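Observations on the model geometry
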Amino acid sequence: MLSFEEKLSFLPTITEVIRQEQLSAKKSLGQNFLTDLNLTKRIVATCPLKEGDVVLEIGPGPGGLTRALLLSKASKVIVIEKDPRFFPALHALQEIVGDRLTLIKGDALSLSLADIHQGPLAIVANLPYNIGTELILQWFDDLGSITSITVMLQKEVVDRLVALPSTKDYGRLSIMAQWLTEVRRAFHVSPKAFTPPPKVTSSVVTLVPRQTPLYPADKKILEKTTALTFQHRRKMLRSSLRGIHPHLDMALESIGINPEARPETLSIESFCKLSGLLAPFLSIK
Ligand code: SAM
């Protein structure tokens, strides 16, 4: 019997699929395709996959990354695609792997992970860049269902995910991502690797949910605290938090924060302490 890799060699290459089906890329759906199986295998190798894991791929498109995922240890690959032009190519893959590949035809933004699969998921995707950050923030609300997230994004978003205090990219996304997950940039990918090439460089990043967040804090209050302080990135905390706490200067000093500090200089630990301090004075919907 032929292995999946041998059967795959009988299918048209991704470049041929794109040409045969005349799949012009739609900008509105963030379509930039990966055609090189060596690169998609490299992305999959970055993902901390274990034997038997169920993988969720957002936006398989013509199936370049999906092929590499089907060559991995994953027991099952579930893909969600919004654009029906790709369904024939994905059905052709299904014909050779059977129920190891599940195709969900729909919008990833409108589906919860529980709608997709009952059990832990490893997420792997070359994300549509226009909804990448939104999807990541949605997953932060559902980390109990996720074993890891390995995604390709614009380099500038990954710069923000991994940024440290006192750097220009440090902000709300860095704090929430690093508080909830272990974030690691894997490698950069040049625009030349995509069809068509995007205008920006991309990076592959892995986020592994922490057992418990890095420091004690309430997620909604921490989000609100970072939103309030980073709304005016260059303002001192004393000024952006004016009127929220009755004895602000004294309270900030009591947790070791200089009221004249700017939010970008505060560590994640300090943000967690600050959120605890403000909690009684913030209304959270
Ligand atoms: N995975 C393919 C690859 O690496 O070549 C395609 C990646 S392309 C950057 C993004 C894919 O996401 C496209 O196939 C696009 O149609 C799909 N997509 C865009 N928005 C989506 C959404 N809301 N839900 C599901 N898929 C979406």
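Residues numbered from 1 in each chain as written. Predicted model: local features only at pLDDT ≥ 70, side-chain atom pairs only at ≥ 80, totals over all residues. Heavy atoms only, no water.

**Overview of the overall build of the protein chain**
Helix and strand content of the protein chain: 13 helices and nine strands. Across its three principal directions, the C-alpha atoms of the protein chain cover 75 × 35 × 30 Å. Scored against the burial criterion, the 285 residues of the protein chain give a buried share of 48%. Sequence separation of at least 24 residues holds for 69% of the intrachain contacts in the protein chain that already meet a minimum separation of 6. Looking at the protein chain as shown, the accessible area adds up to about 13700 Å², and 53% of this sits on carbon and sulfur atoms. Computed over 34 positive and 28 negative side-chain charges, the inter-centroid distance for the protein chain is 5 Å. (Helix = DSSP H or I, 4+ residues; strand = E, 2+ residues; numbered from the N terminus. Buried < 20%, exposed > 50% of the residue type's maximum accessible area, 1.4 Å probe, protein only. Contact = heavy atoms within 4.5 Å. Areas by Shrake-Rupley, 256 points an atom, 1.4 Å probe, with all protein chains shown as cover. Lys, Arg positive; Asp, Glu negative; His and termini not counted. Charge placed at Lys NZ, Arg CZ, Asp CG, Glu CD.)

**A closer look at the site of the ligand**
In the region of the ligand, 22 residues are neighbours, and Gln31, Leu34, Gly59, Glu81 and Asp107 sit closest. Within the backbone of Pro60, a nitrogen or oxygen atom sits 3.3 Å from a nitrogen atom of the ligand. If the ligand stood free it would expose 600 Å²; the protein chains cover 98% of that surface. Listed by contribution, the elements that provide at least two residues to the shell around the ligand are β1 (33–34) and β3 (76–81). Broken down by class, the residue content of the shell around the ligand amounts to ten nonpolar, seven polar and five charged. (Near = heavy atom within 4 Å. Polar contact = N/O pair within 3.5 Å; in protein donor to acceptor, adjacent residues only side chain to side chain. Nonpolar A, V, L, I, M, F, W, Y, C, P; charged D, E, K, R; others polar.)

**What to know about the pairing of strand β6 (residues 146–154)**
Counting buried positions along β6 yields eight of nine residues, so the element is predominantly enclosed. You can see the chain leave strand β5 (residues 121–126), run along helix α7 (residues 132–140) and come back into β6, and the turn it takes is right-handed. Where β6 meets strand β9 (residues 202–209), six bridges bridge the pair, whose relative direction is antiparallel. Across the sheet, the residue bridging to Ile149 is Leu207, located in β9. (Right-handed = clockwise from strand over helix to strand, strands pointing away. Pairing = 2+ DSSP bridges.)

**Here we look at the nonpolar core**
With 55 residues, the main nonpolar core has Leu56, Ile58, Trp139, Val151, Leu153, Leu161 and Leu274 as its most contacted residues. Not counting residues up to four positions away in its chain, the partners in contact with Ile58 are Ile80, Ala108, Val124, Ala125, Asn126, Leu127, Leu135 and Trp139. In this structure, Leu65, Ala89, Val97 and Val204 belong to the second largest nonpolar core, which totals 37 residues. (Core = buried A, V, L, I, M, F, W, Y, C linked by side-chain atoms within 4.5 Å.)

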